[in-house]
Amino acid sequence: MSKEITEQVPEDLTKDQLVAMYRRMRLIRAFENTAQKHFEAGEIAGFLHLSQGQEAVPVGTCAALRGSDYITSTHRGHGDVLAKGCEPKYMFAELYGRTTGYCKGKGGSMHIADFSQGIIGANGIVSGGLPIATGVGLSIKMRGTDQVAVCFFGDGATAEGGFHEALNLASLWHVPVIFVCQNNLYGLSQPWAETAYDCDLAQRARSYHIPGECVDGMDAIAVYRSVKEAVDRARAGGGPSFIEAKTYRFLGHYVGDPALYMPKKERETWRERDGILKLGRQLRVWGYLSGEEDARMAEDVEAELQAGIEYARSSPIPAPEEALNDLYVHFDHLGNPL
Ligand SMILES: Cc1ncc(C[n+]2csc(CCOP(=O)(O)OP(=O)(O)O)c2C)c(N)n1
Ligand SMILES: [Mg+2]
């Protein structure tokens with residue numbers, strides 16, 4: 001775990017940046033609470049995987065990125081794409097399967113993408129984003145820019161072949177990819193600690209000659225610092241990095257999972273470490289956000305989400321004849337899209 005003392009006023013992040021990070025974390029939490037409510041009311045179809053508890057990881061990570069950088073994400077990706085810049089109203093429209101959603105309603109909760117913001121896509125295939133991120137890294141290298149790609153994935157993905165293939169090639173090709181493992185201690189109902197002889201994930205990355213470290217995933221500032229270092233290295237041509245962010249999924253694997261396999265004491269302990277409460281406390285100690293400002297922020301977020309739900313509800317449902325549109329890109333023999 002990171003030993004950084006984040007109670008002191010940070011010198012590497014401004015007040016505005018920190019307040020914006022806190023607002024994003026609150027927005028993600030409130031977005032998912034709202035999505036859960038409407039899912040349970042039967043307005044949203046399919047599965048809903050919530051990331052309550054993990055907000056500090058995507059927000060700390062994306063605070064170290066530029067708009068022109070890339071991310072890939074997972075089935076539990078609402079927080080990742082919101083942290084990179086997605087807007088709740090188009091997210092809700094996607095969850096509601098409407099034409100105004102990020103993927104015209106064809107992706108749903110698990111497959112949100114917005115190429116204009118470098119969001120190459122969330123992915124329902126466990127470890128599916130890892131090889132894609134390595135490919136994005138190769139594309140950056142071939143184009144010679146100083147962009148980076150961040151790959152978000154869960155601890156469960158580290159047992160998949162795609163993880164090893166992606167890290168091996170990223171190392172071999174020396175591409176600017178930061179692999180950010182959101183270790184929430186469970187892969188579905190399987191406790192992470194019971195999955196391997198040696199569960200030191202950073203060590204696994206180091207075996208591919210990729211620098212790896214473990215960071216407190218409930219501490220947005222610590223995550224930011226760790227990712228920033230990796231991003232600076234990647235931009236300077238230093239190749240890929242691996243970061244394991246230790247975090248926790250407050251709820252079950254999906255909405256409806258009673259999660260009886262998660263011990264009560266463990267859940268309580270991690271709830272006390274909530275990254276949103278932590279950053280909120282820090283902002284108050286530093287005089288960056290008063291109680292009234294915090295309450296106003298909560299109201300603003302709530303209003304934005306309610307407007308987003310109304311936008312989704314009033315958006316059109318796609319016509320059946322459009323079902324196969326936008327699914328494939330056709331290229332000519334020179335690789336130009338037709
Ligand atoms: C290749 C593949 N295998 C199995 C599944 C079913 N599945 C969906 S999520 C999940 C657990 C993933 O755990 P982790 O990577 O830790 O992510 P988390 O759900 O904890 O965010 C599994 C096994 C899948 N979607 N894809
Ligand atoms: Mg997990």
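Look above for the structure.
Computed from a predicted structure; not experimentally measured.

Participant: Explain the nonpolar core here, please?
Facilitator: Soluble, globular proteins show a tendency: their nonpolar side chains are buried together. If you look at the biggest cluster of nonpolar residues, it comprises 63 residues, and the most contacted ones within it are Leu-18, Ile-178, Leu-279 and Leu-283. Examining the composition of this core, we find that 11 residues originate from one element, helix H1 (residues 15–40), more than from any other. Setting aside residues up to four positions removed in sequence, Leu-283 forms contacts with Leu-18, Val-19, Tyr-22, Tyr-288 and Leu-289. Core analysis: the next-biggest nonpolar cluster, separate from the first, contains 33 residues, Ala-170, Ala-205, Met-218 and Ala-259 among them.

Participant: Which parts of the structure should I look at to understand the pairing of strand S8 (residues 241–246)?
Facilitator: Regular strands show a simple pattern: their side chains alternate between the two faces of the sheet. Of all six residues making up S8, six are buried, and the element is well covered by its neighbours. Residue alternation in S8 divides its side chains into two sets, Ser-241, Ile-243 and Ala-245 and Phe-242, Glu-244 and Lys-246, and both sets are buried. Looking at chain direction, strand S4 (residues 177–183) and S8 are connected through six bridges and run parallel. Among the inter-strand pairings, Phe-179 is bridged to a residue of S8, identified as Phe-242. Two strands pair when backbone bridges link them, and strand S7 (residues 212–216) and S8 are joined in this way by five bridges, in the parallel orientation. Directly across from Gly-212, in S8, lies its bridge partner Phe-242.

Participant: In this structure, what is going on with helix H4 (residues 88–95)? I would like to understand it.
Facilitator: Summarising burial for H4: six of the eight residues are buried, a large majority. Inspection of H4 places Pro-88, Met-91, Phe-92, Ala-93, Glu-94 and Leu-95 among the buried residues, and these make up the whole buried set. Elements that come into contact with the buried residues of H4 comprise H1, helix H3 (78–84) and helix H11 (291–314). Taken from the residues just after H4, Gly-97 is the one with a positive phi, measuring 70°.

Participant: Would you mind showing me how to read the packing of aromatic side chains here?
Facilitator: Two aromatic rings, taken as a pair, are described by how far apart their centres are and by the angle between their planes. For the coordinates displayed, the defined rule picks out 11 aromatic pairs. With a centroid separation of 4.4 Å and 20° between ring planes, the pair formed by Phe-31 and Phe-92 is classed as stacked. Pair noted here: Phe-31 is in helix H1 and Phe-92 is in helix H4, with a separation of 61 residues, a long-range link. Relative accessible area serves as the criterion here: at 0%, Phe-31 is assigned to the buried category. With a relative accessible area of 0%, Phe-92 lands in the buried category. Between the aromatic rings of Trp-286 and Tyr-288, the centroid separation amounts to 6.0 Å while the plane-to-plane angle is 65°, which identifies the pairing as edge-to-face. By the burial criterion, Trp-286 is buried, and Tyr-288 matches it.

Participant: Sorry, what's going on with the environment of Val-9 here?
Facilitator: Looking at where Val-9 falls in the secondary structure, it is placed in the segment before H1. For the pair Val-9 and Pro-316, spaced 307 residues apart in sequence, the C-alpha to C-alpha distance is 48 Å. Contacts of Val-9, omitting those with residues within four sequence positions, involve Trp-286 and Tyr-288.

Participant: What is the right way to read the side chain of Asp-80 from this model?
Facilitator: Following the sequence through the fold, Asp-80 ends up in helix H3. Here Asp-80 sits buried without a salt bridge, and the closest side chain of opposite charge, Arg-76, lies 8.9 Å off (N-O distance). A distance of 3.0 Å separates the side chain of Asp-80 from the side chain of Gln-182, its partner in a polar contact. With residues up to four places along the chain from it excluded, the contact list for Asp-80 reads Pro-58, Cys-62, Ile-71, Ser-73, Thr-74, Phe-152 and Gln-182.

Participant: Explanation requested: the side chain of Gln-54 in the structure shown.
Facilitator: With respect to the helices and strands, the residue Gln-54 is situated in the loop between H1 and helix H2 (56–62). In terms of polar contacts, Gln-54 uses its side chain to reach the side chain of Asn-184, at 2.9 Å. Sequence-distant contacts of Gln-54, that is, excluding residues within four places in its chain, are made with Arg-76, Gln-182, Asn-184, Thr-247, Tyr-248 and Arg-249.

Reading guide: rules and limits
- Residues numbered from 1 in each chain as written.
- Chains lettered and ligands numbered in written order.
- Predicted model: local features only at pLDDT ≥ 70, side-chain atom pairs only at ≥ 80, totals over all residues.
- Heavy atoms only, no water.
- Core = buried A, V, L, I, M, F, W, Y, C linked by side-chain atoms within 4.5 Å.
- Buried < 20%, exposed > 50% of the residue type's maximum accessible area, 1.4 Å probe, protein only.
- Helix = DSSP H or I, 4+ residues; strand = E, 2+ residues; numbered from the N terminus.
- Contact = heavy atoms within 4.5 Å.
- Pairing = 2+ DSSP bridges.
- Phe/Tyr/Trp six-rings, centres within 6.5 Å; stacked < 30°, edge-to-face > 60°.
- Lys, Arg positive; Asp, Glu negative; His and termini not counted.
- Salt bridge = Lys/Arg side-chain N within 4 Å of Asp/Glu carboxyl O.
- Polar contact = N/O pair within 3.5 Å; in protein donor to acceptor, adjacent residues only side chain to side chain.

That's the geometry; what it means functionally is another story.
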